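# Fold and contact review
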Amino acid sequence: MVRRRLSDVAVKSRLEGLADVVLDAAKKSKDPAISIPVRSLSNVTFDPKRRIIEMGENTQDRTFFNLGMARKFMQTMLIGAACKELFEEKVTTSLRELYYRTKHTLAGSSENTFDDQAESDPIIEDLEVTLDSLREELHVRAESAGTIVGPVTLVDDGDVIDCARLGKGGYAVPSIVEPEEIKIKKCSAKFILLVEKGTQWNRLSEDKFWKKHNCVLLTGNGQPPRGVRRLTRRLHDEYKLPVYVLVDNDPWGYYIYSVVKQGSINLAYESQRMAIPDAKFIGLSSRDPEKYKLPRNVGIKLNDKDISRAKEILAYPWFKKKEWQEEIKHMIASGLKYELDALANKNFRYLTTDYLPRKLREKDWLD
Amino acid sequence: MPRGARERNRLRSAAQFPLRPPRPSVKSLGFETRVAREKRTTQKDPPPNETKAAPEIAQKLAAKQREISISEFFTKNRHLLGFDSPRRALLTAVKEAVDNALDACEEAEIKPEVAVKIEAVANGAEPPASVFQAERFRVTVEDNGPGIVKEQISKIFAKLLYGSKFHRLRMSRGQQGIGISAAGMYGQLTTGKPTRVISRIGSKKQAHYMEIALDTKKNEPIVGVNRTTDWDRPHGTSVSIEMEGRYAEGRQSIEEYLEQTSIANPHVVLTYVSPKGETKTYPAAVAVLPHAPKEIKPHPHGIELGILLKMLQDTPSRWVSGFLSSDFSRVSPRLAAQICREAGIDPKAKPRRLGGAEAEALYKVIQKTKIMAPPTDCLSPIGEPQILAGLAKQIRADFYTAVTRRPAVYRGNPFVIEAGLAFGSGNFAQKQKEAAEEGPKAEGEDNDKEVEMARLMRFANRVPLLYQQSACAIHKSVIETNWRSYGVGQSRGALPQGPMVIFVHMASVWVPFTSESKEAIASYDEILKEVKLALQEAGRRLGVYVRRRELAQAEFKRRNIFALYIPEVAAATRKLKGKAVDIEALKARLQKMAVKLTGGEKTDALLKKNNPVAQLPSTIVAGEENIKQQAPNDKQTDKRKKRQ
């Protein structure tokens, strides 16, 4: 089901299509228009069968002779040209470098092509969906902010990396983990534990939780980057490992879980190779504070932003299962959110020695 | 003594205070002090139970009670006159001397030329390391005024409350005749040096040189050196005081005072030699002197009961009715008779014989009676063209406007409010150009701009007010004006934001200051209202200008946006497609489409025609031509060379 990786030649010809838009329009004295698929909630659908978020068919024309769009049109062309340059130079680059490469002052004014990176990042996402090419295929790396430790052996650029022998620090997951770049040589783990925060990952790694329970420990430090999600998906696919997600008990934690499971709204086109529909939510559940007798004073009061975000999540089609509705409503009713760190209130090793073992023993997770 | 009578006596003595300054004031001061002493005594010793002891205590107290001279009083309360810190003392001395010089010149209808010189003086053997560390200065102020006859010199410069301005209602800078002698006294107290004066009343007479000290107990001058001297000026006065002080620059400095004086008095030539030895000249911007204000009699609604009592004592009129009609403005003989009738006083009664109760009745009736507003020819506002000239001369801006209100009245005193605005940094066109030539901006650099507050310049009778801004009615009116509706940013309860100078002037025969140091105007409703009306008119004109400028900017941007992006799009297309693309042809095609889509040349024509600012009254808009004059071209070429 996973789409084959596009060759450089194919991507290059798609990029050249942008130039054709301008040349054709100029020839016919028409407003040049690039048709871009819409990347918002209104244009994603949840496929209940495949259990992933998929992008819809809606597109929007980005035209040049339109005051509201002229700047973005110009920016899209610039980023396209910069990607072409990447092919010619045979390099990959980061989002930030790409921003610096394309930033300059417009001749005869003090206006910049891009004022900040927040302006250039979405243009790259636009190009990805427009050209139906992944970021990596455009030679742009996503940031690498994830770590892995556990009984897995990887081959990266010919180096054999045994993730069981990397001490407490683990291996930094690169942003591109496609089979061409990274090979999974061996994996004897029984399951994958994907942890939201570095603090808890460090705790588990330090306590050698993975050794005792024979699992792979992964973290993405917040919203997991593409590399981490893709590697999890590959381990899941290639070694049939169940995936458990451990996040804070707040609306953002729920959303991180759902991104791992079904894919994100913004990057819905990535779902087919990133989403893990079988991933399970192991904690922190809004029922846990009672079950594990966490005192009320280690909770944090939900603010207005939290509550409105929780209500948005309640309305997402992929959270419509009865147990999920109950889970989220229970959090709203309690008026409190809990961080994973709050478990340290019991004792420093509570997560390793009590919480997770009991969860796994009782198969206490949500799907 | 019954309470009422004592009250009246106090009022009477207070009323006499200006007439014969030292004596009556001592009485009232002595009264205050006694109360204070009694308090202290009662705190020390427990109050005696027997009434017999009372006379003894009174005797004891009487031994301690003695006269206090006005000079002694001010020695201890120098802050009341603006001599509280060395820095401010230096400024106050300059201010008093310059105010006197300008008043004297204008009264003699001479175009004023005033020179101010401040030198650091060594205190002891070693000279100060820098002027900012110096603690002693010599302030010399020279004018080309009519000069002072030699008999009067000593009294004017070394006797407190001696002068020509207090006894008449006429618009002038100084009012009480305290200022310059207080400055001399301060110098004498801090350095022991007398005030040096040179004065010459005409080219045929010799100049007179005098060194005068002040007997602080008797409030009398002590003349030291007293001789004729050679002086190159045909007429004028020079006063020189050595005093403790501190030199500072920036806000509330002598330089700021002189700059503001020059703005509000564009007919004056000022020269300033700073302690650093730098000479700065503030040239005149208008050739005509302001018309001399007329002296008026007080308006009946503007006086207090005490003043009425004093006037009753001093009048040359024999009858009360005559007193009313000849000593006040706007009281006709008929109205005088009516007032007497209503107060139950015989119109032919002798004013000096009028008892306290009768005077009080008379006062009440006067306040109730409808009387015509006072005449306003006693005022000499600066005038809109003069304010514009003054602002344009000293402040670099893009937009200037000035408003002179019609005269209004508070408590029987006529006054005029004038407002001026100077907006922009004076290089709008230049900036636009520079921005276009400037190199690329770094990320977040645009947001670095600090929020600049408007600068408020307050004036009373053409004198800049530099201290106590927030206590002043002008400041209150400025912050209560809604500047946002004129396109200027403003936080709640603060001055408006942006590169702007707000000029407000109050001209009146009697400016109601909140204290003797004359720094803040009291908040009478009528004054607040007039200031706001003046600011609103100026603000409306500013609003027209600001909106017009914004519109021009938006149009400029819209017209050029496609032209700006076309080269980028064409270059990117070529990069993507390769050398087969004819970049110039592509640019030309796209440009042609852009012109067609934005309405072509019609828009240009429309933009130029529509220029409402040119039609605003009393307003200057700095155009590109002005800017070119101010900024020499070689500066720009320099910049370009550097980049190359």
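Heads up: the structure comes first, above all this text.
Described in the following lines is the structure provided in the data block. (Residues numbered from 1 in each chain as written. Chains lettered and ligands numbered in written order. Predicted model: local features only at pLDDT ≥ 70, side-chain atom pairs only at ≥ 80, totals over all residues. Heavy atoms only, no water.)

## Points about the interface of chain A and chain B
At the junction of the two partners, chain A supplies 43 residues and chain B supplies 27 residues. For the chain A and chain B pair, buried surface summed over both sides reaches about 3,000 Å², with 68% attributable to carbon and sulfur atoms. D20 of chain A is the salt-bridge partner of K577 of chain B, the closest N and O atoms lying 2.7 Å from each other. Inspection of the region where chain A meets chain B yields five residue pairs in polar contact (both at pLDDT 80 or more). Those elements that place two or more of their residues in the side of chain A that touches chain B are α1 (8-28), α2 (70-89) and α3 (95-102) of chain A. Class assignment for the residues of the side of chain A that touches chain B results in 20 nonpolar, 10 polar and 13 charged. (Contact = heavy atoms within 4.5 Å. Buried area = accessible area lost by both parts, 1.4 Å probe. Salt bridge = Lys/Arg side-chain N within 4 Å of Asp/Glu carboxyl O. Polar contact = N/O pair within 3.5 Å; in protein donor to acceptor, adjacent residues only side chain to side chain. Helix = DSSP H or I, 4+ residues; strand = E, 2+ residues; numbered from the N terminus. Nonpolar A, V, L, I, M, F, W, Y, C, P; charged D, E, K, R; others polar.)

## Observations regarding the side chain of R229 of chain A
All names here are of chain A. When you line up the elements, R229 lands in helix α7 (residues 226-239). Buried and without a salt bridge, R229 has E270 as its closest oppositely charged side chain, separated by 6.8 Å. Dropping the residues within four chain positions of it, R229 is found in contact with P224, V259, G263, S264, M274 and I276. (Buried < 20%, exposed > 50% of the residue type's maximum accessible area, 1.4 Å probe, protein only. Lys, Arg positive; Asp, Glu negative; His and termini not counted.)

## Section: the packing of aromatic side chains
In the structure shown here, the tally under the stated rule is 25 aromatic pairs over all chains. A connected cluster of aromatic rings, assembled from ring pairs, spans Y254, Y257, F281, F319 and W324 of chain A. Over the face of the ring belonging to Y255 of chain A we find R309 of chain A, whose NZ or CZ atom lies 4.8 Å from the ring centre. Directly above the aromatic system of Y467 of chain B lies the positively charged group of R88 of chain B, at a separation of 4.2 Å from the ring centroid. (Phe/Tyr/Trp six-rings, centres within 6.5 Å; stacked < 30°, edge-to-face > 60°. Lys NZ or Arg CZ within 6 Å of the ring centre and 35° of its normal.)

## Quick notes on the sheet that holds strand β8 (residues 279-282) of chain B
All names here are of chain B. Taken together, the eight strands give an open sheet; going across it, the order is β5-β4-β3-β6-β2-β1-β7-β8, and neighbouring strands pair in mixed fashion. Bordering the open sheet on either side are β5 (220-229) and β8, each of which pairs with just one other strand. Strand-to-strand twist of the sheet, defined as the mean angle between neighbouring strand axes without regard to direction, takes the value 15°. Examined bridge by bridge, strand β1 (residues 113-120) and strand β2 (residues 136-143) share seven bridges and lie antiparallel to one another. Bridging across to β2, V114 finds its partner in D143. Of the strands in this sheet, β2, β3 (195-200), β4 (207-215) and β6 (236-244) touch helix α7 (residues 179-191), which is tilted by about 40° from β6. (Pairing = 2+ DSSP bridges. Axes fitted to C-alpha atoms, helices over the stretch in contact; angles between N-to-C directions.)

Remember that the coordinates give geometry; whether it matters functionally is a separate question.
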